[in-house]
Amino acid sequence: MNRTDSEIEGYVKEELQWSPDLDSADVAVSVKQGVVALTGFVHSYLSYLNKYEAEAAAKRVAGVTAVANDIEVRLPSVDQRSDPEIARDAVASIKTQLPVSWEHIKIVVKDGWMTLEGEVEWQYQRATAEHAVRGVKGVRGVSNLIRLKPRVQPSELKKKIQEAFRRGAEVDANRIIVEAVGGEVILKGTVRSWAERQEAERVAWSAPGVTKVEDRIIVSP
């Protein structure tokens with residue numbers, strides 16, 4: 001049974017209240033045709049993480065087809081730090097999470113906004129670097145510009161992703177079409193939930209040699 005926008009809105013608000021690290025009173029929710037818009041602000045020590053926790057909470061609700069996250073990060077004066085301090089902590093965090101490949105990643109910080117640059121071989125390294133710096137005190141936002149090196153032929157890449165879909169239990173491989181051009185992958189088809197769509201994208205990114213995933217999968221409950 002399809003949920004109405006009003007029902008989805010109610011469930012998203014409940015899910016936000018269920019998240020202990022969020023002050024849901026500062027986040028407004030609106031829904032139109034299954035698309036959730038989050039507005040308001042977060043202002044705790046882990047503000048940037050809280051912003052994406054709110055987004056993750058909305059995506060967990062059945063019937064949600066997309067999320068527009070316009071939550072603003074507002075840091076209390078006690079949590080504001082200089083750019084060099086933020087950069088030093090970010091480097092230390094990435095070094096801890098990626099002890100082998102951290103030297104391939106460069107960090108630029110301006111007014112609390114962090115940009116990650118460099119080149120790595122695997123998507124998990126790119127994602128881990130961003131995750132490592134999101135929790136650094138004083139960060140207002142992160143732009144992940146780390147590039148990926150292509151490693152395999154497109155035909156092999158497509159085959160590996162399709163095989164991974166068939167092995168997994170969370171994605172219906174018969175409903176997803178995979179196309180590969182160089183290291184870029186395009187996903188098409190339909191899935192039953194936003195969670196299944198995210199899992200399909202995660203699986204595609206996990207294949208060696210993927211430099212970009214364009215997710216055109218449609219959520220059709």
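All of these numbers come straight from a predicted model, not from anything done at the bench.

Engineer: Would you explain the nonpolar core in this entry?
Structural biologist: Here is a general trend for soluble globular proteins: nonpolar side chains tend to be buried in one another's company. Grouped together as the largest cluster of nonpolar side chains are 37 residues, with contacts concentrated most on Met 114, Ile 161, Phe 165, Val 185 and Leu 187. Those elements that provide at least two residues to this core are helix H3 (83–97), strand S5 (105–110), strand S6 (113–120), helix H4 (123–134), helix H5 (154–167), strand S9 (176–181), strand S10 (184–191) and helix H6 (194–206). Looking at which element gives the most residues to this core, the answer is H6, with five residues. Apart from the residues lying within four places of it in its own chain, the contact partners of Met 114 are Ile 86, Ala 90, Ile 107, Val 108, Val 109, Val 133, Val 139, Gly 141, Val 142 and Ser 143. Among the nonpolar cores identified, the runner-up in size contains 19 residues, and Leu 22, Val 29, Val 67 and Val 73 belong to it.

Engineer: Explain the packing of aromatic side chains here, please?
Structural biologist: The description of an aromatic ring pair uses the distance of the two centres, along with the angle that the planes make with each other. Counting across every chain of the model gives zero aromatic pairs. Its end group placed over the ring of Tyr 52, Arg 134 keeps NZ or CZ at 4.2 Å from the ring centre. Between Arg 197 and the ring centre of Trp 194, over which it is positioned, the NZ or CZ distance is 5.0 Å.

Engineer: Looking at this structure, how should I read helix H1 (residues 5–18)?
Structural biologist: Since the α-helix advances by 3.6 residues per turn, residues separated by three or four positions end up pointing in the same direction. Its 14 residues give H1 an end-to-end C-alpha distance of 20 Å, which sits within 8% of 20 Å, the value for a rise of 1.5 Å per residue. Taken as a whole, H1 has its buried residues at Ile 8, Val 12, Glu 15 and Leu 16. Each buried residue of H1 sits inside an arc of 100 degrees when the element is viewed along its axis, so together they form one side. In H1, the exposed residues that point more than 90 degrees away from the buried face are Ser 6, Gln 17 and Trp 18.

Engineer: I would appreciate a short explanation of the side chain of Glu 199 in the present structure.
Structural biologist: Take Glu 199: it is sitting in helix H6. Residue Glu 199 is classed as buried on the basis of its relative accessible area, which comes to 15%. In contact with Glu 199, other than residues within four places in its own chain, are Glu 170 and Val 171.

Engineer: Whenever I open this one, the packing of H5 against H6 confuses me. Can you help?
Structural biologist: The relative placement of two packed helices comes down to the angle between their axes together with the axis-to-axis distance. Their axes nearest at 9 Å, the elements H5 and H6 cross at an angle of 135 degrees. Looking at the two axes, H5 sits oblique to H6. For H5 against H6, the interelement crossing comes out right-handed. Contact with H5, carried on its side by Ile 161, Ala 164 and Phe 165, involves Ala 200, Val 203 and Ala 204 of H6 and no other residues of that element. Looking at the contact of H5 with H6 residue by residue, the classes come out as six nonpolar, no polar and no charged.

Engineer: It is not clear to me how the packing of H3 against H4 should be interpreted in this structure. Could you clarify?
Structural biologist: Following both chains from N to C, one finds H3 and H4 inclined at 135 degrees, their axes separated by 8 Å at the closest point. The angle between H3 and H4 places the two elements in the oblique class. In this structure, the crossing between H3 and H4 has a hand that is right-handed. Contact with H3, carried on its side by Ala 90, Ser 93, Ile 94 and Gln 97, involves Thr 128, Ala 129, Ala 132 and Val 133 of H4 and no other residues of that element. Of the residues assigned to the contact of H3 with H4, the class counts are five nonpolar, three polar and no charged.

Parameters at a glance
- Residues numbered from 1 in each chain as written.
- Predicted model: local features only at pLDDT ≥ 70, side-chain atom pairs only at ≥ 80, totals over all residues.
- Heavy atoms only, no water.
- Core = buried A, V, L, I, M, F, W, Y, C linked by side-chain atoms within 4.5 Å.
- Buried < 20%, exposed > 50% of the residue type's maximum accessible area, 1.4 Å probe, protein only.
- Helix = DSSP H or I, 4+ residues; strand = E, 2+ residues; numbered from the N terminus.
- Contact = heavy atoms within 4.5 Å.
- Phe/Tyr/Trp six-rings, centres within 6.5 Å; stacked < 30°, edge-to-face > 60°.
- Lys NZ or Arg CZ within 6 Å of the ring centre and 35° of its normal.
- Expected span 1.5 Å × (residues − 1).
- Arc of directions from axis to C-beta.
- Axes fitted to C-alpha atoms, helices over the stretch in contact; angles between N-to-C directions.
- Parallel < 35°, antiparallel > 145°, perpendicular 65-115°, else oblique.
- Left-handed = near helix turned anticlockwise from the far one by under 90°.
- Nonpolar A, V, L, I, M, F, W, Y, C, P; charged D, E, K, R; others polar.

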